[in-house]
Structure formats: structure tokens, C-alpha cells
Amino acid sequence: MRGQRRNGQLDGEYVELYPGGAVRLRATYRAGQLDGEVVHLGPNGQLWATEPFAAGTGVMRTFWPDGSPARISPLRAGRPDGESVVRDVGGVEVVREAWVDGVRTGPRLIGTRTRLAREERWRAGVPVGPQVTWRQGARVVEEQRDGRGLRHGSYTSWRTPRQRREHGSYLHGERDGVWTWWDRDGAVERTGTYRAGVRVGTWTEASAGVRTWLGTYHAGKLDGEVSQWSPSGAALPSFRMQGGTGVEVQYHPRTGTVAARITWRAGRRDGAVTELFPRGRTALSGRHQDDQRAGTWTWFHADGSIRQRASYQHDRRDGVLVRTAGAIDVVSAGYADGARDGAY
């Protein structure tokens, strides 16, 4: 790139070059604005296009190495103004969007429906109204945005064109109201209510249409007795939380034996966590502190021998990680703040 500046603005002849040194673009600037003829050239000097500009107003184009159009952007006084189009190297349109005086305003399409695409509408630089995401020709997300660009109103994601994955609503960026999730077979797998982004009231979970979990939330924290069932519908022991504080107990679906015990405090994981194999031996032992892994975490084989030990601070590895095979340490690696550090 070669050009001249005056008072901090491009002014005079301007040239862009290919990596090998050939001229790609030749233009003239006056007081920071394109003014005059813009010439686009190929890597072998062939003329690809010329575009007239006056005081920054015209159509700016870019090209792929084979000369096919890559981008077409109308400008007015140096700012995007009009419909801009981007094409991939195969000529497929991948972006179409509208601009007014340098601000994105109007419909916008990113990608292609047959692969992955998103349809949006913008107003004064903010996405508003209906927004749709497509994958391989099918809708995968439908949502609404308010005047500030926040999710507001109905929200639906889809597994297939006829089968929903989740559905609920937003209130100015926060989940609000009843939300429902479905499994691959179309059966409800979870349902509950949000208020201003936090869980409230009764929540249920299910497996293949059979209820497996029932609990109550108050201001986003589990509160009261939590009931659980196996996938066959057999009752499992319940546990109790008070204002998000207590020990959560999870069970193996097939055996009904304890799978995990997790300590909670005021709605956050805080304290000991243990995972167990179906026959009762410890599979994992560690601690959370303010919802993050902390201290030493140990993983075990089913025979009770240690498989791995690692230390954490603020949910990141910090200290020595050791992996074992039998009674022999086969890996020893140092970490600091989540990154490999020291001997290995």
C-alpha cells in the first residue's frame, strides 16, 4: 500500500499492491475521500473494473484472485450507504445487508440457507424484530429482539423442521415465563418457569416421557424437598435444600445407587464433591469454592487405584498434574493459572 497524507488524511495518489508487488488498485484521495477513477487490476495487470468516485461517493468493489467479485459496497461521502453484497470464491452470496449513512439499517442475511445462515433486521445499527437462523435449509432458531437489540418475546430452537428443541420467552434480555425442552423423540425432558432470568416455582425433568426429577426454586435457588425417580419410574431417595444450601444427591439410572454428592451453598457449588461408580467405589473426589474447582481433585479407577490428581485455583489447573498407571506415575506436568508451566 502506498499513499500520501495531509493533515492526517489520505490525499493524493493511492496504490494497493499484491504480495508479489503488482498493482491491485489505483485511486486518488482528496481530503480523505475517494475522488476520481478507481481502477482494479488483476495480478497479471489485466483490467478488472473501473469505478468513478466523487467526494467519497461511488461503489467500492473487491475481487478474488481469479477476478470474480468478492464484495460490492456502495459508499456516500465515504460511508456505507445502500445494499452491500459479499460473495465467496465460488460466487455464492454469503452476506447481503443494507446501510444508511454508515449505519446498518434494514434486512441482513449472513451465510446461505442450504448451509448455515442468519436472517436479521437492523434499525439504526441495532438488530430488532424477528431473527431466524437456518441450517441445511431448515430453521434452527427463531427469536425476537427489542429496540436495544436484546432478546424479547418468543424464542424457539428446532431439532428438525417439525420438532422443537426448546421454547420459551424473553423479557428485555432475560428469560421470563414458562420454558420447555424436548428430547430427540419429541418427549418433554425439562420444564419450568423463569422470572427476570432466574428459576422460580416447580421444575421437572423427564426421561423418555417418565418423570425423573421434581424440585422447587425460590429466587433462583433450590428450596425444599427434591424428589427423584429412575427412568423406569421407581422412586429414589429424595434430598432437601434450603435456600440453595444442602447436599445434592444424584443416582445411577440403571442401578439406582448413588452417583454423586455435591455440596451447595446459597445456590452455588461450594464444598465437597464426590462421584461414585455404580458399585459404590469413589470415582472422583474434590471441592468447589464459590462455584469453581479449588484445591486437589483426584480421579480413581474402578479398583480404587488413583488415575489422576490435579490442583485447581479459581477453576484453573494450578500446581502439578499427575497421571498414574497402576502404582506408577506416567505423567507429571506443572501448571500455573491454567497454562502449562514448569517441568513435564
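Attention shifts here to the overall build of the protein chain. A count of helical and extended segments in the protein chain gives zero helices and 36 strands. Here the C-alpha radius of gyration of the protein chain, 30 Å, is well above what a compact globule of 344 residues would show, namely 20 Å. Overall size of the protein chain, expressed as C-alpha extent along the three principal axes, is 80 × 50 × 40 Å. Burial analysis of the protein chain (344 residues in total) assigns 36% to the buried set. Of the contacts formed within the protein chain by residues at least 6 apart in sequence, a portion of 5% connects residues at least 24 apart. Surface exposure of the protein chain reaches about 19,600 Å², of which carbon and sulfur atoms provide 49%. The positive charge centre, built from 51 side chains, and the negative charge centre, built from 38, are 3 Å apart in the protein chain.

All right, on to the pattern of salt bridges then. Charged atoms that come close allow side chains of opposite charge to pair. One pass over the full model with this rule turns up 27 salt bridges. Put simply, glutamate 51 and arginine 61 hold a salt bridge, and the shortest N to O gap is 2.3 Å. Taken together, the positions of glutamate 51 in strand 6 (residues 47-53) and arginine 61 in strand 7 (residues 58-63) put the pair 10 residues apart, joining distant regions of the chain. Judged by its relative accessible area of 12%, glutamate 51 is buried. A salt bridge links arginine 316 to aspartate 337; the shortest N-O distance between them is 3.5 Å.

Here the focus is the nonpolar core. Residues Trp179, Trp203, Trp213 and Leu222 are the most contacted members of the largest nonpolar core, which totals 19 residues. The set of elements that each furnish at least two residues to this core consists of strand 16 (138-145), strand 20 (177-182), strand 23 (210-218), strand 26 (235-241) and strand 27 (246-251). If you tally residues by element for this core, the top one is strand 26, at three residues. When neighbours within four sequence positions are excluded, tryptophan 179 is seen to be in contact with Tyr155, Glu166, His167, Gly168, Ser169, Tyr170, Arg190, Thr191, Gly192 and Tyr194. Core analysis: the second largest hydrophobic core is formed by 11 residues, Val273, Trp299, Ala310 and Tyr312 among them.

With that settled, consider the layout of surface pockets. Empty space within the largest pocket amounts to approximately 440 Å³. Around the largest pocket, the lining comprises 22 residues; the ones closest to its centre are Glu205, Trp213, Gln228, Glu248 and Gln250. Of all the secondary structure elements, the ones that give two or more residues to the lining of the largest pocket are strand 22 (198-207), strand 23, strand 24 (221-222), strand 25 (224-229), strand 26 and strand 27. Among the residues forming the lining of the largest pocket, the class breakdown is 10 nonpolar, eight polar and four charged. Its volume calculated, the second largest pocket comes out at about 260 Å³. Lining the second largest pocket are 16 residues; nearest its centre among them are Glu16, Arg24, Leu25, Arg61 and Thr62. If you list the elements that add at least two residues to the lining of the second largest pocket, you get strand 2 (9-17), strand 3 (23-30), strand 5 (36-41) and strand 7. A per-element tally of the lining of the second largest pocket places strand 7 first, with four residues.

Moving on to unusual backbone geometry. The phi torsion at alanine 77 lies on the positive side, around 55°, for a residue other than glycine. Tracing the backbone through its elements, the reader meets alanine 77 in the loop between strand 8 (69-76) and strand 9 (79-80). The class of alanine 77 is partly exposed, set by a relative accessible area of 43%. Residue alanine 124 is not a glycine yet carries a positive backbone phi of 55°. Residue alanine 124 is classed as exposed on the basis of its relative accessible area, which comes to 57%.

By secondary structure assignment, the location of aspartate 11 is in strand 2. A polar contact of 2.8 Å, which involves the side chain of aspartate 11, links it to the backbone nitrogen of alanine 31. Those residues within four positions of aspartate 11 in sequence are excluded, and the remaining contacts are Gln4, Arg5, Arg6, Tyr29, Arg30 and Ala31.

Quick look at the pairing of strand 10 (residues 82-87) now. Bridge count for strand 8 against strand 10 is two bridges, and the pairing is antiparallel. When the bridges of strand 10 are listed, arginine 71 appears paired with valine 86. The sheet contact formed by strand 10 and strand 11 (residues 93-100) spans six bridges and is antiparallel. Note on strand 11: the bridge partner recorded for valine 86 is valine 95. Hairpin connection from strand 10 to strand 11: five residues lie between these consecutive antiparallel strands, with glycine 91 at a positive phi of about 90°.

Mapped onto the secondary structure, glycine 153 falls in strand 17 (residues 153-160). As for glycine 153 and histidine 172, which are separated by 19 residues in sequence, their C-alpha atoms are 8.1 Å apart. Aside from chain neighbours lying at most four places away, what touches glycine 153 is Gln144, Gly168, Ser169 and Tyr170.

Calculation notes
Residues numbered from 1 in each chain as written. Predicted model: local features only at pLDDT ≥ 70, side-chain atom pairs only at ≥ 80, totals over all residues. Heavy atoms only, no water. Helix = DSSP H or I, 4+ residues; strand = E, 2+ residues; numbered from the N terminus. Rg over C-alpha atoms; globule rule 2.2 N^0.38 Å. Buried < 20%, exposed > 50% of the residue type's maximum accessible area, 1.4 Å probe, protein only. Contact = heavy atoms within 4.5 Å. Areas by Shrake-Rupley, 256 points an atom, 1.4 Å probe, with all protein chains shown as cover. Lys, Arg positive; Asp, Glu negative; His and termini not counted. Charge placed at Lys NZ, Arg CZ, Asp CG, Glu CD. Salt bridge = Lys/Arg side-chain N within 4 Å of Asp/Glu carboxyl O. Core = buried A, V, L, I, M, F, W, Y, C linked by side-chain atoms within 4.5 Å. 1 Å grid on protein atoms, 1.4 Å probe; cavity = no way out; pocket = protein on both sides within 12 Å on 5 of 7 lines; lining within 4 Å. Points joined across faces, edges and corners; volume = space filled by probe spheres on them. Nonpolar A, V, L, I, M, F, W, Y, C, P; charged D, E, K, R; others polar. Polar contact = N/O pair within 3.5 Å; in protein donor to acceptor, adjacent residues only side chain to side chain. Pairing = 2+ DSSP bridges.

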